[in-house]
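# Per-entry structural report
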Amino acid sequence: MLKRKMGKSFFADLHDSHERIQIYLKLDVVGQACFELFNSIDLGDIVGCEGTLFVTRMGERTLKVTSLELLSKALHPLPDKHAGLTDVETRYRRRYADLIVNPEVRNVFRMRTRIIQAIRDFLNNEDFLEVETPILQPLYGGAMARPFKTHHNTLDIPMYMRIADELYLKRLIVGGYEKVWELCKDFRNEGMDRLHNPEFSMVELYFAYADYKDVAELFERLLRDVVQKVHNSYKINYGDHEIDFEPKFNWVTMLGSIQEKTGVDFSEMSFEEAKAKAVSMDIGLNEEALINWGKVVEAVWEAKVEPTLVQPTFVADFPKEISPLAKVHRDNDRLTERFELFIAKQEMGNAFSELNDPVDQLKRFLQQGKAIEAGDEEAQPLDDDFITALCYGMPPTGGLGFGVDRLVMLLTNQHSIRDILFFPQMKETKEGSVPVSKILTEIAKED
RNA sequence: GGGGGUGUAGCUCAGGGGUAGAGCAUCUGCCUUUUAAGCAGAGAGUCGAUGGUUCGAUCCCAUCCACCCUCACCA
């Protein structure tokens, strides 16, 4: 509501969630009572009005109001009508005010919904079954992360908010569904920054009788389809980059891409040789973290290759040591059948040919158990029922997980996760009750 | 956790050791086709918090809090 008073008449701009229209209101048309009502209306009030359309002297289509009704009163003054609301803390803490004032923010969240709908439509068309699995779990697993812990009163047991869906969706593959997926809210009790919020959204999908290359083909089609539906184009801008989803995505291997960028071939090196070579490259590595060949390869890759991956690129065949849930590569037992997709230098998804051998899986759980005893708060606890499920026989399966929030950031050109979550987690302010509640308490007393 | 930055009116911001400033918003008056309408006037603040220095602190110093950026750690 932007008012322009002209003596015994008004012009004003009226907005709804999509558009604005100008209204015109004259004293001798609407009468004294209505005129005074309108005179008392503030920016942010919600009104309903009836009238007829005309075109002003300046050529603008305008509603000449014959009757007007105040539907809802805004008690809190709105931010500046021109400068808007730019203080980021207020924008996140009072998203409603941000949304009222900043139409481009409303649009970002509309796009978020469209992106999720496009993902759902695509997977439905591919005959993937959308399922729901427990968010509140007696045991957590499927990722390396610290969980949120809570307690069930009646059962008197600890319960956890899920950190991933993986183990439940795989149980459904064991149960005979061949294509399942879930849009999952996951919860990780860890640091918060530009890319991380304690609660976030992932898509996980599992595809029986498929391997990681089949999954890559599916993922590529999915992204291309979503980008096209949301942007009406295969090209998008992200920061300084133009990303083109139309050409076939690049496919490189981790070792091959390192060799291409540095000329060094790590594939046949021992751990000691690889570490010595990596250290000699002088790329600021933390030597203490280089505890095995896989870690060395990963560190070199992150330093030399990852920052160069702007256009969509699958990076495949990760070292075994850094891929505990992936199947060993059919041609090379130092590697796994795993890829991550990189776009605009950011990881956009992670997939592998899933480990489906219960004995191997049990061994890996037991290793994790030792890590827990050693104080690793992110190691995974042994899930006996999951092992039991694998004993019933899980077909060869390709699995994929990708962060919905990261994808939304990419497709909306936003650079903080807080800009694509309506209500991002913020620290509690120490102030206690807000001043507004004090003022309203006084008003209530007067009544 | 390390480094850098920010915090002053409802909003956007300036200022500066001696009674706190602007624009917009709000309120009052004038104006019946305006477009960031105009003109005249008014009200509005714990200057993020707590200590210290000082005759005097919003300003200087210390500590703390919140937010942003960045690095580290972590998916």
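Residues numbered from 1 in each chain as written. Chains lettered and ligands numbered in written order. Predicted model: local features only at pLDDT ≥ 70, side-chain atom pairs only at ≥ 80, totals over all residues. Heavy atoms only, no water.

## Here we look at the protein's contact with RNA strand B
The following threshold applies: We define proximity as follows: a residue is near a molecule or strand when any one of its heavy atoms falls within 4 Å of that partner. Polar contact is the term for a pair of N or O atoms within 3.5 Å; when the atoms are in protein, one must be able to donate a hydrogen and the other to accept it, and sequence-neighboring residues count only if both atoms are side-chain atoms. By the criteria applied, helices consist of DSSP H or I runs no shorter than four residues and strands consist of E runs no shorter than two, each listed in order from the N terminus. Any residue that is not Ala, Val, Leu, Ile, Met, Phe, Trp, Tyr, Cys, Pro, Asp, Glu, Lys or Arg is counted as polar, Gly included; the first ten are nonpolar and the last four charged.
Surrounding RNA strand B, one finds 41 residues, the nearest of these being Gln22, Arg188, Glu347, Glu378 and Arg418. Counting only atoms of RNA strand B within 4 Å of the protein, the sugar-phosphate share comes to 59%. At a separation of 2.7 Å, a base nitrogen of RNA strand B approaches a polar backbone atom of lysine 5. Here a phosphate oxygen of RNA strand B and a backbone polar atom of aspartate 87 are 2.9 Å apart. Among the elements that take part in the surface near RNA strand B, helix α3 (residues 88-93) stands out by supplying four residues, more than any other. The class makeup of the residues in the surface near RNA strand B is 13 nonpolar, seven polar and 21 charged.

## Points about the nonpolar core
To keep it simple, the criterion reads: Among buried residues, the Ala, Val, Leu, Ile, Met, Phe, Trp, Tyr and Cys ones that are joined through side-chain atoms within 4.5 Å form a nonpolar core. Each residue's exposure class comes from its accessible area (1.4 Å probe, protein chains only) as a fraction of the maximum for that residue type: buried when under 20%, exposed when over 50%, partly exposed otherwise. By definition, residues are in contact when any of their heavy atoms lie within 4.5 Å.
Among the nonpolar cores identified, the biggest contains 49 residues, and Ile119, Phe339 and Leu410 are the most heavily contacted of them. Per-element tally for this core: the top contributor is helix α7 (residues 212-231), with 10 residues. Ignoring any residue separated from it by four or fewer positions in sequence, one finds leucine 410 in contact with Ile236, Asn237, Tyr238, Phe245, Ile343, Ala344 and Met348. Core analysis: the second largest hydrophobic core is formed by 22 residues, Leu255, Ala278, Ala299 and Val315 among them.

## Quick look at the side chain of arginine 95
Within the fold, arginine 95 resides in helix α4 (residues 95-101). For arginine 95, a relative accessible area of 0% corresponds to the buried category. Side-chain polar atoms of arginine 95 contact the side chain of aspartate 98, separated by 2.8 Å. At 2.6 Å, the side chain of arginine 95 and the backbone oxygen of arginine 418 are in polar contact.

## Observations concerning the sheet that holds strand β7 (residues 136-137)
Quick note on the threshold: Strand pairing is defined by DSSP finding a minimum of two bridges between the two strands.
Here three strands make up an open sheet; going across it, the order is β7-β9-β8 and the pairing antiparallel. Each having just a single partner strand, β7 and β8 (149-152) make up the two edges of the open sheet. In terms of strand pairing, β7 meets strand β9 (residues 157-161) through two bridges, oriented antiparallel. Following the sheet pairing, glutamine 137 is matched in β9 by tyrosine 160.

## A few points about the packing of helix α5 (residues 103-125) against α7
The cut-off we apply is this: Helix axes are fitted only over the stretch in contact, all axes being lines through C-alpha atoms; the angle between N-to-C directions runs from 0 to 180 degrees. Oblique is the label for any angle not covered by the other classes, which are roughly parallel (under 35 degrees), roughly antiparallel (over 145) and roughly perpendicular (65 to 115). Put simply, a crossing is left-handed when the front helix is turned counterclockwise from the back one by less than a right angle, and right-handed when it is turned clockwise.
Their axes nearest at 9 Å, the elements α5 and α7 cross at an angle of 135 degrees. Considered as vectors, α5 and α7 are oriented oblique to each other. Seen along the crossing, α5 lies across α7 with a hand that is right-handed. Between α5, through Met111, Arg114, Ile115, Ala118, Ile119, Asp121, Phe122 and Leu123, and α7, the contact on the second element is made entirely by Leu218, Arg221, Leu222, Asp225, Val226, Lys229, Val230 and His231. In terms of residue class, the contact of α5 with α7 is built from 10 nonpolar, one polar and five charged.

## Section: the sheet that holds strand β3 (residues 20-26)
Pairing in this open sheet of five strands is mixed, and the strands run β1-β2-β3-β5-β4 from one edge to the other. Among the strands making up the open sheet, the edge pair consists of β1 (2-6) and β4 (46-55). If you compare each strand with its neighbour and ignore which way they point, the axes differ by 35 degrees on average. Note that strand β2 (residues 9-15) and β3 share seven bridges and pair antiparallel. In the sheet register, aspartate 13 faces β3, and the bridge partner there is glutamine 22. Set on the sheet, helix α2 (residues 32-39) makes contact with β1, β2, β3 and β5 (61-72); between it and β2 the angle comes to about 55 degrees.

## Describing the packing of aromatic side chains
Keep this limit in mind: Note on aromatic contacts: the rings of Phe and Tyr and the six-membered ring of Trp form a pair at centre separations within 6.5 Å, being stacked when their planes are under 30 degrees apart, edge-to-face when over 60 apart, and tilted otherwise. For a Lys NZ or an Arg CZ to count as sitting over a ring, it must be within 6 Å of the ring centre and within 35 degrees of the ring normal.
Going through the model one piece at a time under the given rule, you end up with 17 aromatic pairs. When the ring of phenylalanine 365 is compared with that of phenylalanine 386, the centres are 6.5 Å apart and the planes differ by 90 degrees; the resulting orientation is edge-to-face. Separated by 21 residues along the polypeptide, phenylalanine 365 in helix α11 (residues 358-373) and phenylalanine 386 in helix α12 (residues 384-391) bring together distant segments of the chain. Both residues of the pair, phenylalanine 365 and phenylalanine 386, count as buried. Site record: aromatic cluster; members linked through ring pairs are Tyr212, Phe245, Phe249, Trp251, Phe314 and Phe339. Here arginine 334 stacks its cationic end above the ring of tryptophan 293, 3.8 Å away from the centre of that ring.

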